[in-house]
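The lines below spell out each chain.
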Amino acid sequence: IISTLTFSSLILRNMQSQAMAQLETSVKVLEFAINSKKNELISDTQVFGQKESLRQALSAGDSSQLAKVSQEFLLTKKLSFLVVVDADGQVIARGEEPERIGDSLSENTLIKRSYLGEGVASITVRDGVLAPQVLISAGSSISEKDDLIGAVLGGISIDNAFVDGVKRATSLT
């Protein structure tokens with residue numbers, strides 16, 4: 001009986017340590033996948049913030065050109081949303097809803113950090129119709145000759161394809 005209990009205890013501890021090691025690996029894969037998406041989005045917002053057509057339209061106050069450039073970039077990069085704000089945080093263009101401008105994002109943490117010259121990203125959860133919606137958002141500054149003239153905030157929704165890919169790679173549900 002003692003031998004059976006000892007052997008069973010060793011097997012149980014071995015199974016437990018293997019499960020923990022697998023879980024740690026799965027968490028690292030998930031973290032890598034999310035960080036890759038964040039870095040890709042930061043890069044996209046930085047590229048958009050450096051577009052000459054965007055900076056010219058922003059400097060000239062050309063709202064129709066800002067809307068056009070924002071919509072094109074949103075569609076090209078398959079983003080869920082793209083917002084351009086001026087140096088005061090006022091929304092001056094939205095790629096997904098060009099008519100919805102004028103509100104303020106000056107208190108948005110990503111916008112504030114973008115004004116400091118950082119490319120930043122975060123994950124947020126919003127209530128959806130059927131299930132919560134997970135969004136990755138990133139922001140970058142827009143500068144003209146070392147003067148801050150605005151910022152861009154972009155975001156993507158974590159969709160089923162992304163979740164299924166992580167599930168296949170990690171066996172996490």
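See the structure printed just above.
Residues numbered from 1 in each chain as written. Predicted model: local features only at pLDDT ≥ 70, side-chain atom pairs only at ≥ 80, totals over all residues. Heavy atoms only, no water.

## Describing the pattern of salt bridges
Point 1. One pass over the structure, following the stated rule, counts seven salt bridges.
Point 2. One salt bridge in this structure joins Arg94 and Glu96, with 3.9 Å as the shortest N-O distance.
Point 3. In the salt-bridge network here, residues are joined through shared partners; they are Arg94, Glu96 and Asp103. (Salt bridge = Lys/Arg side-chain N within 4 Å of Asp/Glu carboxyl O.)

## Things to note about helix H2 (residues 52-60)
Point 1. Of the positions making up H2, those classed as buried are Leu54, Arg55, Ala57 and Leu58. Looking straight down H2, one finds its buried side chains confined to an arc of 165°; they lie on one side. Exposed and oriented more than 90 degrees from the buried face of H2 are Ser59 and Ala60.
Point 2. Where H2 is buried, its residues meet helix H1 (2-49), helix H3 (63-77), strand E1 (81-86), strand E2 (91-94), strand E4 (133-144) and strand E5 (147-157).
Point 3. Just past H2, the residue Gly61 takes up positive phi, approximately 70°. (Buried < 20%, exposed > 50% of the residue type's maximum accessible area, 1.4 Å probe, protein only. Helix = DSSP H or I, 4+ residues; strand = E, 2+ residues; numbered from the N terminus. Arc of directions from axis to C-beta. Contact = heavy atoms within 4.5 Å.)

## A look at the packing of H2 against H3
Point 1. Where H2 contacts H3, the axes come no closer than 8 Å and their chain directions differ by 155°. As far as their axial angle goes, H3 and H2 are roughly antiparallel. Regarding H2 and H3, the two cross each other, and that crossing is left-handed. Residues Ser53, Leu54, Ala57 and Leu58 of H2 form the contact with H3, whose own contacting residues are Gln65, Leu66 and Val69. (Axes fitted to C-alpha atoms, helices over the stretch in contact; angles between N-to-C directions. Parallel < 35°, antiparallel > 145°, perpendicular 65-115°, else oblique. Left-handed = near helix turned anticlockwise from the far one by under 90°.)

## Focus on the side chain of Arg55
Point 1. Looking at the secondary structure, you find Arg55 in helix H2.
Point 2. Other than its neighbours up to four places away in sequence, Arg55 contacts Gly49, Gln50, Ile142, Ser143, Glu144 and Ile149.

## Observations concerning the nonpolar core
Point 1. Ranked by size, the top nonpolar core spans 25 residues in total, and within it Phe48, Leu54, Leu66, Leu79, Leu82, Val84 and Ile142 carry the most contacts.
Point 2. If you list the elements that add at least two residues to this core, you get H1, H2, H3, E1, E2, E4, E5 and helix H5 (160-170).
Point 3. Apart from residues no more than four positions distant in its own chain, Phe48 is found in contact with Leu54, Val69, Ser70, Phe73, Leu82, Val84 and Val152.
Point 4. If you look at the next biggest cluster of nonpolar residues, it comprises eleven residues, including Leu110, Ile111, Val120 and Leu135. (Core = buried A, V, L, I, M, F, W, Y, C linked by side-chain atoms within 4.5 Å.)

## A short note on the side chain of Ser70
Point 1. Mapped onto the fold, Ser70 is located in helix H3.
Point 2. Owing to a relative accessible area of 0%, Ser70 belongs among the buried residues under this scheme.
Point 3. Not counting residues up to four positions away in its chain, the partners in contact with Ser70 are Phe48, Leu82, Val84, Ala93, Arg94 and Gly95.

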